[in-house]
Amino acid sequence: MTAIAFVGTYTDADETGVFSYRVADDTLARIDGVSAGRDPSYLRLGPDAKRLYVVEEADAGRIRAFAVDGEGGFDPLNDRPTGDAGPCHCSVAAAGDYVFVAHYAGGSVGM
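Definitions and cut-offs
- Residues numbered from 1 in each chain as written.
- Predicted model: local features only at pLDDT ≥ 70, side-chain atom pairs only at ≥ 80, totals over all residues.
- Heavy atoms only, no water.
- Helix = DSSP H or I, 4+ residues; strand = E, 2+ residues; numbered from the N terminus.
- Buried < 20%, exposed > 50% of the residue type's maximum accessible area, 1.4 Å probe, protein only.
- Contact = heavy atoms within 4.5 Å.
- Areas by Shrake-Rupley, 256 points an atom, 1.4 Å probe, with all protein chains shown as cover.
- Lys, Arg positive; Asp, Glu negative; His and termini not counted.
- Charge placed at Lys NZ, Arg CZ, Asp CG, Glu CD.
- Salt bridge = Lys/Arg side-chain N within 4 Å of Asp/Glu carboxyl O.

### Examining the overall build of the chain
Each helix and strand in the chain was counted, giving zero helices and ten strands. The order of helices and strands in the chain, counted from the N terminus, is β-β-β-β-β-β-β-β-β-β. C-alpha atoms of the chain, sized along the principal axes, occupy 40 × 35 × 25 Å. When the 111 residues of the chain are sorted by exposure, 35% land in the buried category. Intrachain contacts of the chain at a sequence separation of at least 6 include 34% that bridge at least 24 residues. Total accessible area computed for the chain in this model is approximately 6300 Å², and 50% of it derives from carbon and sulfur atoms. Within the chain, one finds 9 positive and 17 negative side-chain charges whose respective centroids are separated by 5 Å.

Below, the structure is given as structure tokens:
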């Protein structure tokens, strides 16, 4: 069985920080990578698995959306401020129409 995994990292803002990997036969093979701001630490696929949401864990937090294809490629869609510092988690409503962000440093939740 082959699957695609998405991985976020801690990086500088201008570095590639989100990667896609093909997982097959107990091996990982990097497919693609994209810059997603400073410390793109937490990722969440939307319910249709066609959008990937990435929190930028920075003082002025942001959430970024990418279209992802079935081959592990990225296409930036948009980004928005999260409203507080240190976003560390996000979730997507079942219908895919809302994204919720929790903030570690600010202790708040945004939608």
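Next, the rest of the story.
### Details of the pattern of salt bridges
What the rule picks out here adds up to five salt bridges. R38 is paired through a salt bridge with D39; the nearest N and O atoms lie 3.3 Å apart. Under the relative-accessibility criterion, R38 is labelled partly exposed at 32%. The exposure class assigned to D39 is buried, which follows from its relative accessible area of 12%. A salt bridge links D79 to R64, with the nearest nitrogen and oxygen atoms 3.7 Å apart. Of the two residues, D79 is situated in strand 7 (residues 74-81) and R64 in strand 6 (residues 62-68); the sequence distance between them amounts to 15 residues. Residue D79 is classed as partly exposed on the basis of its relative accessible area of 26%.

Note that every value here comes from positions in space, so none of it alone points to a role or purpose.
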